[in-house]
2 protein chains.
Amino acid sequence: MSQNDSEHRLNSEQIDELFDRFISSNKLKHTAQRLKIVKRAFSMKKHFSADDLYHLLKREKTDVSKATIYRTLKLLVDANFLDELEIGTRQAKFYEPIHGREHHDHMICLKCGRIVEFTDQTIEKLQQQAAERNRFRVLSHSLKLFGLCASCNQ
Amino acid sequence: MSQNDSEHRLNSEQIDELFDRFISSNKLKHTAQRLKIVKRAFSMKKHFSADDLYHLLKREKTDVSKATIYRTLKLLVDANFLDELEIGTRQAKFYEPIHGREHHDHMICLKCGRIVEFTDQTIEKLQQQAAERNRFRVLSHSLKLFGLCASCNQ
DNA sequence: TTATTTGCAAATGTTTTGCACACAT
DNA sequence: ATGTGTGCAAAACATTTGCAAATAA
């Protein structure tokens, strides 16, 4: 893994700041539920699903309904605070804080589910060139490698 | 589009041959339903969903249940006769005949839904190298560019 | 005060599955 | 004869939505 997890985690103060930015930038209202969701989402050490978040909050006795979690996660993705990763059609989406990180792609271990991140500027460039050749305007992209991670591959 | 559709379509005789190969290679049984599904799937001019196939067959008075369509499509994908494309987690999967075509990636128009295919050997190579750097063994991959196709982008 | 937000339960949409019957080998 | 395959309806499952009650501004 090229990234150190803690390197990208925010402290409580930064999260409060981010929360305010999130709320005001979208003309939303401050609610206890949204604050709890944001606080928890931005302190996650790895990719998490809506359901993960739901159970974590429930365990911490700070219940928020699933509907609100889904609604808030969507807002956070639209506002570019969270990145959304789709592993497979029948599987729950995963989320991760963006927080100034550059775009990256994912390798997904089919055995243990581990998600390894990587970036390759040349690939990005070549994608863009392929798009231009087809007069296609890229708004977003997703590159996923499925296989076996180092430990699962012996 | 770099590919000519008709260039890759099979004639009736070739489909029969492919059907036999499909059945025998998997120790399956010849059934009217499977033949109908294979015939229709391999004469499709573009990507299709399970539901598309279901309605086409129904319209042609050759009813096959949805369950059987899903089961057969899965068999065809596993046997490497069809390629499966996931546009989004909550959307139906798309299928396309493989039939000797090389692997390709997709650009998906968010406005009209058009799917443009492309290949880039250098990208493939760089993906592999990125995987090796992480001692990750790639079994399959998916690269999708989302955006606006030439006509939708004016 | 009033437009948002929430929680609940019900709906959604695709795909899968249990089961009894039908059929290919 | 016997193991497969089929159709139906129900289940699965993540996510979305309608609605009435609660709450932020």
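Look up a bit, the structure's there.
Calculation rules
- Numbers given for residues are sequential positions, taken from 1 along each chain in its written order.
- Ligands are numbered from 1 and chains lettered from A, in the order in which they are written.
- Local features in a predicted model are, by the rule used here, given only for residues with pLDDT of at least 70; side-chain atom pairs are given and counted only at 80 or more, and totals for whole chains, interfaces and linings are based on all residues.
- Water and hydrogen atoms play no part in the side-chain values, which are based on all heavy atoms of the structure.
- Here a residue is considered near a molecule or strand provided that any single heavy atom belonging to it is located within 4 Å of it.
- In protein, a polar contact requires one atom able to donate a hydrogen and another able to accept it; more generally it is a pair of N or O atoms within 3.5 Å, and residues adjacent in sequence count only if both atoms are side-chain atoms.
- Put simply, DSSP H or I for four residues or longer makes a helix, DSSP E for two residues or longer makes a strand, and each gets a number counted from the N terminus.
- Following the grouping adopted for this structure description, the nonpolar residues are Ala, Val, Leu, Ile, Met, Phe, Trp, Tyr, Cys and Pro, the charged ones are Asp, Glu, Lys and Arg, and the polar ones are all others, Gly among them.
- The contact rule is simple, with two residues in contact once any of their heavy atoms fall within 4.5 Å.
- Each of two parts loses accessible area, computed with a 1.4 Å probe, when they are put together; buried area is these two losses added.
- Here a salt bridge means any side-chain nitrogen of Lys or Arg lying within 4 Å of a carboxyl oxygen belonging to Asp or Glu.

Novice: Describe in detail the protein's contact with DNA strand C, supporting the description with residues and values.
Specialist: Around DNA strand C, a shell composed of 19 residues is seen, among which Thr31, Thr68 and Arg71 of chain A together with Tyr70 and Lys74 of chain B lie nearest. The protein-proximal atoms of DNA strand C, defined as those within 4 Å of the protein, are 69% sugar or phosphate. In this structure, Thr31 of chain A approaches DNA strand C through a side-chain N or O atom, which is 2.7 Å from a phosphate oxygen. Mapped by element, the contributors of at least two residues to the surface near DNA strand C are helix H2 (32-41) and helix H4 (66-78) of chain A together with helix H4 (66-78) of chain B. The greatest single-element share of the surface near DNA strand C, amounting to 4 residues, is contributed by H4 of chain B. When its residues are assigned to classes, the surface near DNA strand C shows 6 nonpolar, 5 polar and 8 charged.

Novice: Before we move on, can you summarise the interface of chain B and chain A with the specific residues and values?
Specialist: At the interface, 40 residues of chain B touch 39 residues of chain A. Carbon and sulfur atoms make up 59% of the surface buried where chain B meets chain A, a total of about 3,400 Å² over both sides. At the boundary of chain B and chain A, one finds 1 salt bridge. Of all elements in the fold, only strand E3 (105-109), strand E4 (115-118), helix H5 (121-133) and strand E5 (137-148) of chain B reach the threshold of two or more residues within the side of chain B that touches chain A. Top element by residues in the side of chain B that touches chain A is E5 of chain B. It accounts for 12 residues.

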